[in-house]
Amino acid sequence: MADFNLEVRNLGAAYGRHVVLKDVSLRLPAGEWFALMGPNGCGKSTLLDCIVGKLAPLSGQIRIAGHPLLTDSANARRALGYACAPDRLPPLLTARQCFEVHAGAKGQPTIDDTVMALADELKFLPYLESFVDTLSLGTRQKLAVLLCLVGDPKLIVLDEAFNGLDPASSLALKRHLQWRLKNRGATLILATHALDIVERYADHGALLLDGVLAREWTKSEIEELRRNGRGFEAALVDDGDANPPGS
Amino acid sequence: MPVLLTAYLVWRNRDPQRRRIEIFLPLALFFAWVAAASLYVRADRAAVASTLEWFHRHDLFWSTITAIVSAVLVSRRRALIRSEAPRAWTAVLPMDRARARWQAMAVESVPAVALLGMLAFIFGGLSAAVFLEARTSAPLITWASTTCGALIGAALSYLLRPPRQAEVYEDSRYVPRRRRAETPIPIGSLSALGSWPLRQMFASAKPRTLARVLVPILLAVPLGSQAADVMVTIGLLTALGAVAALVAAVISVSARALRWLNPLPLEPAQLARRMLVPALASMLVATAIESWLIWVLGSPVMRSIAAGVLTLTVGAILTVFGFLIVLRANSSAAGGRL
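Scoring rules and cut-offs
- Residues numbered from 1 in each chain as written.
- Chains lettered and ligands numbered in written order.
- Predicted model: local features only at pLDDT ≥ 70, side-chain atom pairs only at ≥ 80, totals over all residues.
- Helix = DSSP H or I, 4+ residues; strand = E, 2+ residues; numbered from the N terminus.
- Buried ≥ 20, exposed ≤ 12 C-beta atoms within 10 Å, placed from the backbone.
- Contact = placed C-beta atoms within 7 Å.
- Axes fitted to C-alpha atoms, helices over the stretch in contact; angles between N-to-C directions.
- Parallel < 35°, antiparallel > 145°, perpendicular 65-115°, else oblique.
- Left-handed = near helix turned anticlockwise from the far one by under 90°.
- Expected span 1.5 Å × (residues − 1).
- Arc of directions from axis to C-beta.
- Pairing = 2+ DSSP bridges.
- Core = buried A, V, L, I, M, F, W, Y, C linked by C-beta atoms within 7 Å.
- Nonpolar A, V, L, I, M, F, W, Y, C, P; charged D, E, K, R; others polar.
- Right-handed = clockwise from strand over helix to strand, strands pointing away.

Undergrad: Summarise the overall build of chain B; cite the residues concerned and give the values.
TA: Tallying secondary structure elements over chain B gives 12 helices and 0 strands in all. Beginning at the N terminus, the succession of helices and strands in chain B can be written as α-α-α-α-α-α-α-α-α-α-α-α. A total of 338 residues make up chain B; the buried ones form 25% of that total. The contacts of chain B with a sequence gap of at least 6 include a subset with a gap of at least 24, amounting to 85%.

Undergrad: Which residues make up the overall build of chain A, and what values go with them?
TA: Looking only at helices and strands, chain A has 9 helices and 10 strands in total. With 247 residues in all, chain A has 51% of them scored as buried. In chain A, of all internal contacts separated by at least 6 residues, the share reaching a separation of at least 24 is 71%.

Undergrad: Now, about the interface of chain B and chain A: what can you tell me, with residues and values included?
TA: The partner chain A presents 37 residues to the 31 residues of chain B that form the contact. Put simply, the parts of the chain that give the side of chain B that touches chain A at least two residues each are α8 (192-204) and α10 (227-261) of chain B. Residue contributions to the side of chain B that touches chain A peak at 6 residues, all from α8 of chain B.

Undergrad: Explain the packing of α8 of chain B against helix α11 (residues 268-296) of chain B to me, using residue names and the numbers behind them.
TA: Angle between the axes and distance between the axes are the two parameters that describe a pair of packed helices. Residue and element names in this part refer to chain B. At a closest axis distance of 8 Å, the pairing of α8 and α11 adopts a crossing angle of 45°. Considering the angle they form, α8 stands oblique to α11. For the pair α8 and α11, the sense of crossing is right-handed. Residues L193, G194, S195, P197 and L198 of α8 form the contact with α11, whose own contacting residues are L271, R274, M275, V277, P278, A279 and S282.

Undergrad: Lay out helix α7 (residues 138-157) of chain B in plain terms, naming residues and giving numbers.
TA: Residue and element names in this part refer to chain B. The first and last C-alpha atoms of α7 sit 29 Å apart over 20 residues, in line with the 28 Å expected at 1.5 Å per residue. All of the buried residues in α7 are A138, P139, T142, W143, T146, G149, A150, G153, A154 and S157. Projection of α7 onto a plane perpendicular to its axis shows the buried side chains occupying an angular sector of 135°, all on one side.

Undergrad: Now, about the environment of L89 of chain A: what can you tell me, with residues and values included?
TA: Position of L89 of chain A among the secondary structure elements: in the loop between β6 (80-83) and α3 (95-105). By the C-beta count within 10 Å, which is 20 here, L89 of chain A ends up buried. Counting along the chain gives 54 residues from L89 of chain A to L143 of chain A, while the straight-line C-alpha distance between them is 8.8 Å. Contacts of L89 of chain A, omitting those with residues within four sequence positions, involve C84, C98, V132, R140, L143 and A144 of chain A together with W260 of chain B.

Undergrad: Run through the pairing of strand β1 (residues 4-15) of chain A, naming residues and quoting values.
TA: All names here are of chain A. Where β1 lies against strand β2 (residues 18-29), 8 bridges are found, and the strand directions are antiparallel. Bridge pairing in β2 places V8 opposite L26. Hairpin connection, β1 to β2: the antiparallel pair is bridged by 2 residues, and G16 has positive phi, about 65°. Note that β1 and strand β4 (residues 59-64) share 5 bridges and pair antiparallel.

Undergrad: Explain the sheet that holds strand β5 (residues 67-68) of chain A to me, using residue names and the numbers behind them.
TA: Residues and elements named next belong to chain A. Read across the open sheet, the 4 strands follow the order β2-β1-β4-β5; overall the sheet is antiparallel. The outermost strands of the open sheet, each flanked by one partner alone, are β2 and β5. Packed on one face of the sheet, helix α1 (residues 44-51) meets β1, β2 and β4 and runs near 120° to β1.

Undergrad: Before we move on, could you go through the sheet that holds strand β8 (residues 187-191) of chain A and cite the residues and values that matter?
TA: Residues and elements named next belong to chain A. The mixed open sheet is built from 6 strands, whose spatial order is β6-β7-β8-β3-β9-β10. Both outer strands of the open sheet, β6 and β10 (212-217), are each paired with one neighbouring strand and no more. The sheet shows a mean angle of 20° between the axes of neighbouring strands, taken without regard to direction. In this structure, strand β3 (residues 33-37) lies alongside β8, joined through 4 bridges in parallel fashion. For F34, the partnering residue across the bridge sits in β8 and is I189. Where helix α5 (residues 137-148) meets the sheet, its contacts fall on β6 and β7 (155-159), and the angle it forms with β6 comes to roughly 175°.

Undergrad: Can you explain the nonpolar core? Please cite residues and give values.
TA: Core analysis: the largest hydrophobic core is formed by 115 residues, its most contacted members being L36, L143, V157 and L188 of chain A together with L246 of chain B. Of the residues forming this core, the biggest block, 13 residues, is contributed by α10 of chain B. Contact partners of L246 of chain B, with chain neighbours within four places excluded, come to P197, M201, A279, S282 and M283 of chain B. By size, the runner-up hydrophobic cluster in this structure holds 11 residues, among which are A37, V48, F55 and A138 of chain B.

Undergrad: Can you tell me about the environment of T187 of chain A, naming the residues and giving the values?
TA: Residue and element names in this part refer to chain A. The topology assignment puts T187 in strand β8. With 34 residues separating them in the primary sequence, T187 and P153 have C-alpha atoms 8.7 Å apart. With near-sequence residues (within four places) excluded, T187 lies in contact with N5, L6, L28, P29, A30, G31, E32, F34, K154 and L155.

Undergrad: Lay out the packing of helix α4 (residues 59-84) of chain B against helix α5 (residues 97-108) of chain B with the relevant residues and their values.
TA: Residue and element names in this part refer to chain B. Here α4 crosses α5 at 125°, and the two axes come no closer than 9 Å. In terms of their interaxial angle, α4 and α5 are classed as oblique. The crossing of α4 and α5 is right-handed. For the pair α4 and α5, contact is made by V74, R77, R78 and I81 and by A104, V107 and E108, respectively. In terms of residue class, the contact of α4 with α5 is made up of 4 nonpolar, no polar and 3 charged.

Undergrad: Break down the pairing of β8 of chain A for me, citing the residues and quoting the values.
TA: Counting buried positions along β8 of chain A gives 5 out of 5 residues, so the element sits mostly inside the fold. Chirality of the crossover, the property in question, places the unit of β7 of chain A, helix α6 (residues 167-183) of chain A and β8 of chain A among those that are right-handed.

That is the geometry; function is a separate question.
Encoded structure:
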């Protein structure tokens, strides 16, 4: 049993000669909602791409639920749930076929009841036989999130996953994620610009600036921000002034 | 007469050029039709007489068909107009019920009137031409019976119940409902990956693309060719096109599938087997059809089979190499892993 669902050590990444991430380290225990914040182009999506194995890092190590991503890729990926961008979903497959492929790839005989219950709560079940191509952006976003939860992942990676969701679905998803962190020992890493979500739901937050983790907030610090009403917006602006991008 | 007057003014306020076309085009077509029918009657009186006799023998059938068409058209228009009537500006005008009803009926029965006009157009011209040349009244009787059919159909349409209006469609996402008990839970399987390239192949065969491909083929057919040969040639090129489209579909779909499935614990060999086997099986069917069509065109059996095998081999090699190149590109981006 691993103590941490995600361990990132001294991670570096680049696109060609353009270095995006420099010496990033993270340790996320089970049951933690981690919010990754930062301005556009700071490297949030690159960090997530490295974690889910879409991009090969220049340096450093990544372990998911105790399995090294590089050397024990199959087990690491089995413990990983990643909600891809809606435009990455296969346009000519039905939503049901997407579920079947995800379950088949993760060696699951059927879809977990909790995922089907969430699909029902998100009003997604009527679209199960629809082709992805015919779904609206918000419905595709729901499908991407539901697919990421197939196979009871230990590490859930969401990149701006609440964009395009209606308020009721957004709330249902947040509650489900909280339940999953508490009862299934999962860890959530969410890259977002929605500071209200961070204030209300996150246990741990970090600000990525120019490829380095410029600032981290612990659970008690987030609670303090919430309590004194100062909020993340002011905290981030203060940090941004202290470390302006490109300085 | 507000309802009828409104309908007339709507027509009157249209673009004058369009209005002129609506008046003069039917007249021009009518005279052209009379002239063509006269020429045809003069050229082959016996054939025309037998055709008219055949129509006359089936008067009951034609009048029944006309009655059904008339009933459906009037009924549909009635349903449409009645759904729009409460929102129309004439709804607020003070009109007594009887007057409103007959005016609405006049507007609703426009399709029947148009049908009567069309019958008059066809049979009037034909009757005139035939009467001048052949002195037979058969088309007049057919015209009368079909006209009666149209009138009876329009009258019967008022006996049909208009469709009920639905305020919110059944699967509206804004209507809260419980999960349907019959929704079967998806079962883990990778078989859907096999159907994706085939769907992509059919999706790429858009009607406009097919038309663009077909026109040069038809133009290239030498004069004097038989229709059967042309059909077989088009079939042969379709089979070859299907193989080419399938190769392209497998390559493009495998690139998308690898990007989508990258974070999943899926072995490249597993993905290749699931994606390539159905595509290669379809290619085998297409090349078998190709061999058969080549044989139909008159080639010896062995040569036909050799052509099919050659196409299959080239298609299979391109498909597999294309897949491997895409796999390699994705794998190198992900640091040597799928």
